Amino acid sequence: MAYVPDVNMSGMRCTVFRSVDLMATCGATRGRGLGTVEHHVPGDCFAIARDATPRALRLQRDRTGRLFVLPNTEIGRVGEELYLDSIVTLMAGPNAMAEVLVLSSTCSANRTAETYLLPLSPLLRATDYHLVSTNQQDTDERLLQAAFLPLMQGTLVTLEDGSVAKAETLKRGDRVLTRDHGAQPLLWSSVCTQRVAGGNAPIRIEAGALGNSNDLSVLPDQRLLVYQRRDDIGIGRPELLVKARSLVNGTTVTQDHIGFFDVVHLGFDVPAVIFAEGVATELVALTEPNAPANHSEAIVHEAVVFGAGSALDASEALATRKDALSVLQKASHG
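Each value, and the rule that gives it
- Residues numbered from 1 in each chain as written.
- Predicted model: local features only at pLDDT ≥ 70, side-chain atom pairs only at ≥ 80, totals over all residues.
- Heavy atoms only, no water.
- Helix = DSSP H or I, 4+ residues; strand = E, 2+ residues; numbered from the N terminus.
- Buried < 20%, exposed > 50% of the residue type's maximum accessible area, 1.4 Å probe, protein only.
- Contact = heavy atoms within 4.5 Å.
- Areas by Shrake-Rupley, 256 points an atom, 1.4 Å probe, with all protein chains shown as cover.
- Salt bridge = Lys/Arg side-chain N within 4 Å of Asp/Glu carboxyl O.
- Pairing = 2+ DSSP bridges.
- Axes fitted to C-alpha atoms, helices over the stretch in contact; angles between N-to-C directions.
- Core = buried A, V, L, I, M, F, W, Y, C linked by side-chain atoms within 4.5 Å.
- pLDDT = per-residue confidence, 0-100.

Colleague: Break down the overall build of the protein chain for me, citing the residues and quoting the values.
Modeller: Scanning the protein chain from N- to C-terminus turns up three helices and 27 strands. Here the protein chain holds 334 residues, and the buried ones make up 50% of them. Excluding contacts between residues fewer than 6 apart, the proportion of contacts in the protein chain whose partners are at least 24 apart in sequence is 64%. For the protein chain, the accessible area works out to roughly 14800 Å², and carbon and sulfur atoms hold 49% of it.

Below is the structure:
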């Protein structure tokens, strides 16, 4: 199903770079940062600047589709309107592709336009990227895909009446049960194939490990909501949000290897924690802007939709515990 343009996206934080952070090292635009579409020249070579630092750009979309910069942003001017310029495809080798979503402000008599770069896939330092192509289609959908983490195709999602349906069969208007907001109508969905590897590969949770009815595969930084009857971890809250990577134990929770995965993105009017295979699963992107595991030179995108309810993120407290899953299982059963 195609993107629905009147989605009211809640506050969103994207980790972006400045135009000059991805500098042309050779070609027609040598010495300039990656800019808007009229400055794109196929074949030009770009590289991440040594002092490039990702910054949090806070955005909000209104129902007309316009994007504005929110307060507490690390980059951009509060209240400034941005537009989605293009998606740039870069190549670093036969099998190394990267995509960047280009956002720009509008220029005025008192202010020049600013350009921001949102990586849609990991960018590597000390790597030369050649500009392959520019696409001005699907920019809205790609921004939403960056904001909402996907489910693996075949994942069973709980609906308003308690029945379940495969994620890829859901259509606009279907009422999906959410943890904080009751039944919510699905506003949009998209199905695509993604290639992931190393520390970004999906985490597979064996049936029953978290009370899930079937095996559940989620992305490493996707957070799952766990209820604990007793506070064995010392967090001070009964409800915890835990990143899937924190639960890996090598047996009942494992990480897949490199491969291609068919994924489904689901979009709602509110930040949603849905029930996937019976497990409360957050559909917001929480990939950290620092390097993922096993890829110390990678820079990845981050996009977070605000609103995690009353649950507390316990991922950091569990990060160094090899028995994290066991501890949570015992705490949940009291």
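We are not done yet, so read on.
Colleague: Please give an account of the pattern of salt bridges that cites residues and values.
Modeller: Oppositely charged side chains can pair when the atoms bearing their charge come close. Inspection of the entire model under this criterion finds seven salt bridges. For Arg179, the salt bridge goes to Asp180, with nearest N and O atoms at 2.1 Å. For the salt bridge of Arg204 with Asp256, the shortest nitrogen-to-oxygen distance reads 3.4 Å. One end of the pair, Arg204, is in strand S17 (residues 203-205); the other, Asp256, is in the loop between strand S21 (253-255) and strand S22 (259-267), with 52 residues separating them in the sequence.

Colleague: Explain the side chain of Gln184 residue by residue, including any values.
Modeller: Along the chain, Gln184 falls in strand S15 (residues 182-185). Setting aside residues up to four positions removed in sequence, Gln184 forms contacts with Asp174, Arg175, Val176, Thr178, Phe268 and Val270.

Colleague: Lay out the sheet that holds strand S18 (residues 216-218) in plain terms, naming residues and giving numbers.
Modeller: Read from one edge of the open sheet, three strands run S18-S17-S21, paired in antiparallel fashion. Each of the sheet's edge strands pairs with one partner strand only, and the pair in question is S18 and S21. When strand polarity is set aside, the average angle formed by the axes of neighbouring strands in this sheet is 25°.

Colleague: Describe the nonpolar core, and please don't skip the residues or the numbers.
Modeller: Soluble, globular proteins show a tendency: their nonpolar side chains are buried together. Judged by nonpolar contacts, the single largest core of 31 residues is most densely connected at Leu151, Leu170, Leu266, Phe268 and Ile274. Of all the secondary-structure elements, those providing two or more residues to this core are S17, S18, strand S20 (239-243), S22 and strand S23 (273-276). Excluding its chain neighbours within four sequence positions, the residues that come into contact with Leu151 are Val157, Ala167, Gln222, Asp262, Val263, Val264, Leu266, Ile274, Ala276, Thr281 and Leu283. Of all hydrophobic cores here, the second largest spans 18 residues; its members include Val16, Leu103, Leu118 and Leu143.

Colleague: An account of the environment of Ser189 is requested, with residue identities and associated values reported.
Modeller: Inspection of the secondary structure assignment puts Ser189 in strand S16 (residues 188-196). What makes Ser189 buried here is its relative accessible area of 5%. Through-space distance from the C-alpha of Ser189 to that of Phe268 is 9.2 Å; in sequence the pair is 79 residues apart.

Colleague: So, the confidence of the model for the protein chain: which residues are in play, and what are the values?
Modeller: Overall, the predicted model of the protein chain reaches an average pLDDT of 78, with 74% of residues at or above 70. Taken together, the stretch residues 1-9 has pLDDT below 50 and engages in 30 contacts with residues farther than four places along the chain or on a different chain.

Colleague: Describe in detail the environment of Ser217, supporting the description with residues and values.
Modeller: You can see Ser217 is positioned in strand S18. Taking the C-alpha atoms as reference points, Ser217 and Thr155, separated by 62 residues in sequence, lie 8.0 Å from one another. Setting aside chain neighbours within four positions, we find Ser217 in contact with Met152, Ile203, Arg204 and Asp256.

Colleague: Help me get a handle on the environment of His39, residues and values and all.
Modeller: Tracing the backbone through its elements, the reader meets His39 in the loop between strand S2 (22-26) and strand S3 (45-48). Spatially, the C-alpha atom of His39 lies 9.3 Å from that of Ala28, the residues being 11 residues apart in sequence. Those residues in contact with His39, other than ones at most four positions away along the chain, are Thr29 and Arg32.

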